Amino acid sequence: MRTFLLLFLSCCFALSQTPDWRNILNGSVIPDESYADQPYVVKTKDGAWLMVMTTGSGAEGAGGQHVISARSTDRGRSWEKAVDVEPSSGPEASYAVLLQANSGRVYVFYNHNTDNTRKIIADKPTYKDGFVTRVDSQGHFVFKYSDDNGKSWSSQRYEVPMRDFEIDRQNPYAGRIKFFWNVGKAFAYRGAGYVPVHKVGGFGEGFFTSSEGALLRSANILTERDPNKIEWQTLPDGDLGIRTPKGGGPIAEEQSFAVLSDGSMLCVFRTIDGHSAFTYSRDGGRSWEPSQYMRYADGRLIKHPRAANFVWRCENGKFLYWFHNHGGRFIRESPNRRTIAYEDRNPVWLSGGVELDSPQGKVIRWSQPEIVLYDDDPLIRISYPDLVEEGGEYYLTETQKDVARVHQIDKTLLAGLWSQDDAKSVPKSGLILDVASPKTVAAPALPVFLRRSRRADYGSEHSRAGVSIEVELHLRDDRPGQVLVDNRSADGKGFALLTAEAGAVEIVLQDGRTENRWQSDPGVLSTAKRHHVVAIVDAGPNLITFVVDGKLSDGGDTRQFGFGRFSPNLYGINGSPVLRFGEFVLHCRLYGRALRTSEAIGAFRAVK
């Protein structure tokens, strides 16, 4: 009944809004019981998608939490009846991942509270009595298997032994009870199977108080038919797992892995340092290079909170990276960083990766990012994705912990990410004004953002449209408040692009009912050279971004977010019939849509 209601509400939403494939409500719902986490997929030998999920009738971590699976034969548009991997009546079973053997057998690995432990020693005063009663991240790591493409699972479960690390021996039970969980997808490499696991040192403020990554390697799981004969070793060698870079915090978790073309392994993971981190292994996971914080190809650090950040190698040999594009010192220096770092997982951004050679082996060069998914509610958390490729198409699964969905991704967005280094053209699609050395021109009509719907109540309807303002300019002085482009009428309606304090550029959006402002990062404008500015007003997620001289503003060290939200109740920015330009503007283009980051970068290269 709940699944039917969700499908009905999704249909109602689609009828009242202009579709935007990035809006998560336009995805296909994956059935669950209430709580929905980690909807991960493998393609089975009979061509179906086999999905595994952690679910339950209560909230995350509540009793009755268990693992289910379901099959889809139409790319996630519908699902067969779910099958219990573990029943809701048993001890907690959580955080499952899948691995397919050479024969087509599918293994599912998950946490299992086999001993039915009901409380765990935890830090005071976070837990005033010294115990935590959420028990889904401890116990035993186990697996079951399916030989019928996920239609049923073995009745017996089998334990995966984990070697103790220092972090285990230092927990309150000296390793007799292990604290851990997993979100990282299992994978095959040179005839062996690998299953990630995230070791935990204790429970307290921010739930996990310390963490590090490990890999469970089996040399024979891909070929051995007797599950009792499957052999395991815990990597990396030694006493320490995959940890943060030198000087980083105690949190290094949710490790995600990808294998490069030369056999190197890439691992990315989350921290509470304001940035995600990565490391490479050149010896099959036995040892790892010193961890570093993630960077774009231009050398800037990638911002990311305490949220899942996943990496995938695609069938074309290129890579995709899922993250949230905010953080920096505003998380790292916060006294509450263990907890605030969990926030703001909406929107989701993707970066594209391509391989490069280095003295150590292959490495990944990461593009600047694009928004790939969002929800209208800024507090919704979108996370724990999977990537599925089918027939040349790309699909993402995700969850906001209550509803999980499947989304088909526009391939042109991915192509733009992967070809960003070579992009060098001015976009033509959506171009409504292109004028050199302008003074004043007739203002073209711009798309409206909010309009009256055709529903019986004539309520509002979001167009999901956008506007982009591209200018080339050369300032002769850097005073703030100088007009670059302005179509505001006498009563203030319209938009203006202005110079701002500290060498920033500001956009003003006004419809007579609400006014919105957002600035680029400071220091992007000077009198020393010609500049290229693209202000992107995206009325899908209602976000403003700036790309100045080919760089997407990410807030730097001056603010946590480089992107800004504007009111979803903004009708639009049509103003005066005359569009005015500042004396420093050399060229202007207006677009009746939101340009992508990759397009703005290509336009900069085309004109510089």
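Below is a summary of the structure that appears in this document. (Residues numbered from 1 in each chain as written. Predicted model: local features only at pLDDT ≥ 70, side-chain atom pairs only at ≥ 80, totals over all residues. Heavy atoms only, no water.)

Within the chain, the secondary structure is distributed over 6 helices and 43 strands. A compact globule built from 608 residues should have a C-alpha radius of gyration of about 25 Å, and the chain, at 25 Å, falls within 12% of that. Summarising its shape, the C-alpha atoms of the chain cover approximately 80 × 60 × 50 Å along the three principal directions. Within the chain, the fraction of its 608 residues that count as buried is 60%. Within the chain, residue pairs in contact and separated by at least 24 positions form 63% of the contacts whose partners lie at least 6 positions apart. A total accessible area of about 23,100 Å² is found for the chain, and carbon and sulfur atoms account for 50% of it. (Helix = DSSP H or I, 4+ residues; strand = E, 2+ residues; numbered from the N terminus. Rg over C-alpha atoms; globule rule 2.2 N^0.38 Å. Buried < 20%, exposed > 50% of the residue type's maximum accessible area, 1.4 Å probe, protein only. Contact = heavy atoms within 4.5 Å. Areas by Shrake-Rupley, 256 points an atom, 1.4 Å probe, with all protein chains shown as cover.)

Turning to the sheet that holds strand β34 (residues 483–486), a few remarks are in order. In space, the 6 strands of this open sheet follow the order β30-β42-β34-β35-β36-β37, with antiparallel pairing throughout. Two strands bound the open sheet, and with one partner strand each, they are β30 (440–442) and β37 (515–519). Adjacent strand axes in the sheet meet at a mean angle of 15°, parallel and antiparallel pairs treated alike. Summarising the sheet, strand β36 (residues 504–510) and β37 pair through 5 bridges and their orientation is antiparallel. Within the sheet, the bridge partner assigned to valine 508 lies in β37 and is arginine 517. (Pairing = 2+ DSSP bridges. Axes fitted to C-alpha atoms, helices over the stretch in contact; angles between N-to-C directions.)

Attention now goes to unusual backbone geometry. Each neighbour pair has its own omega, and for lysine 124 with proline 125 the value is 5°, a cis peptide bond. Cis rather than trans, the peptide bond between leucine 235 and proline 236 has omega equal to 5°. Positive phi outside glycine occurs at alanine 174, with the angle close to 55°. Its location among the elements puts alanine 174 in the loop between α2 (166–169) and β12 (178–181). Classification of alanine 174 as partly exposed rests on a relative accessible area of 41%. With a phi angle near 45°, serine 437 is a residue other than glycine that sits in the positive phi range. Using a relative accessible area of 57% as the deciding quantity, one classes serine 437 as exposed.

A few words on the sheet that holds strand β27 (residues 393–399). With antiparallel pairing, 4 strands are arranged side by side in an open sheet as β1-β28-β27-β26. Edge positions in the sheet fall to β1 (28–30) and β26 (383–390), since each has one partner strand and no second. Ignoring which end each strand starts from, the neighbouring axes of this sheet average 25° apart. Against the sheet, helix α5 (residues 411–418) engages β27 and β28 (404–409), with an angle of about 100° to β27.

The next thing to look at is the pairing of strand β19 (residues 277–281). The element β19 is extensively covered by neighbouring structure, given that 5 of its 5 residues are classed as buried. Every second residue of β19 is oriented toward a common face, with Ala277, Thr279 and Ser281 on one face and Phe278 and Tyr280 on the other, all of them buried. For strand β18 (residues 265–270) and β19, the ladder comprises 5 bridges, and the chain directions are antiparallel. By the bridge assignment for β19, phenylalanine 269 is matched with alanine 277. Where β18 folds back on β19, the antiparallel hairpin that results is connected by 6 residues, among which glycine 274 adopts a positive phi of roughly 90°. Bridge analysis of β19 against strand β20 (residues 292–293) gives 2 bridges, and the strand direction is antiparallel. Residue pairing across strands places alanine 277 opposite tyrosine 293, the latter belonging to β20.

The subject of this paragraph is the packing of aromatic side chains. Under the defined criterion, the tally for this structure stands at 29 aromatic pairs. A ring pair is formed by phenylalanine 203 and phenylalanine 207, whose centres lie 5.1 Å apart and whose planes are at 55°; its orientation type is tilted. The pair formed by phenylalanine 203 and phenylalanine 207 is uniform in burial state, with each residue classed as buried. Joined through ring pairs, the aromatic side chains of Tyr107, Phe109, Phe141, Phe143, Tyr145, Tyr158, Phe180 and Trp232 make up one cluster. When the ring centre of tyrosine 280 is taken as reference, the NZ or CZ atom of arginine 282 above it lies at 4.6 Å. A cation sits over an aromatic face here: arginine 513 above tyrosine 571, 3.8 Å from the ring centre. (Phe/Tyr/Trp six-rings, centres within 6.5 Å; stacked < 30°, edge-to-face > 60°. Lys NZ or Arg CZ within 6 Å of the ring centre and 35° of its normal.)

Within the largest apolar cluster, 74 residues are counted, with the highest numbers of intra-cluster contacts made by Phe109, Trp232, Trp322 and Leu414. The leading source of residues in this core is strand β6 (residues 93–100), at 6 residues. Counting 35 residues, the second largest nonpolar core, distinct from the first, contains Val441, Leu446, Val467 and Leu509. (Core = buried A, V, L, I, M, F, W, Y, C linked by side-chain atoms within 4.5 Å.)

The next subject is the pairing of β34. Looking at chain direction, β34 and strand β35 (residues 494–500) are connected through 3 bridges and run antiparallel. Bridge pairing in β35 places valine 483 opposite leucine 498. Sheet topology note: the β34/strand β42 (residues 578–581) ladder contains 2 bridges and is antiparallel. Looking at the pairing, aspartate 486 lines up with arginine 580 of β42.

The next subject is the environment of asparagine 102. You can see asparagine 102 is positioned in the loop between β6 and β7 (106–112). Considered as a pair, asparagine 102 and glutamate 224 are 122 residues apart in the sequence and their alpha carbons are 9.6 Å apart. Look past the residues within four positions of asparagine 102 in its chain and what remains in contact with it is Lys45, Leu222 and Thr223.

Here serine 276 shows up in the loop between β18 and β19. We classify serine 276 as buried; its relative accessible area is 0%. Within the local environment of serine 276, its side chain forms a polar contact with the side chain of tyrosine 321, the two groups lying 2.7 Å apart. Excluding its chain neighbours within four sequence positions, the residues that come into contact with serine 276 are Phe269, Gln292, Tyr293, Met294, Ile302, His304, Asn309 and Tyr321. (Polar contact = N/O pair within 3.5 Å; in protein donor to acceptor, adjacent residues only side chain to side chain.)

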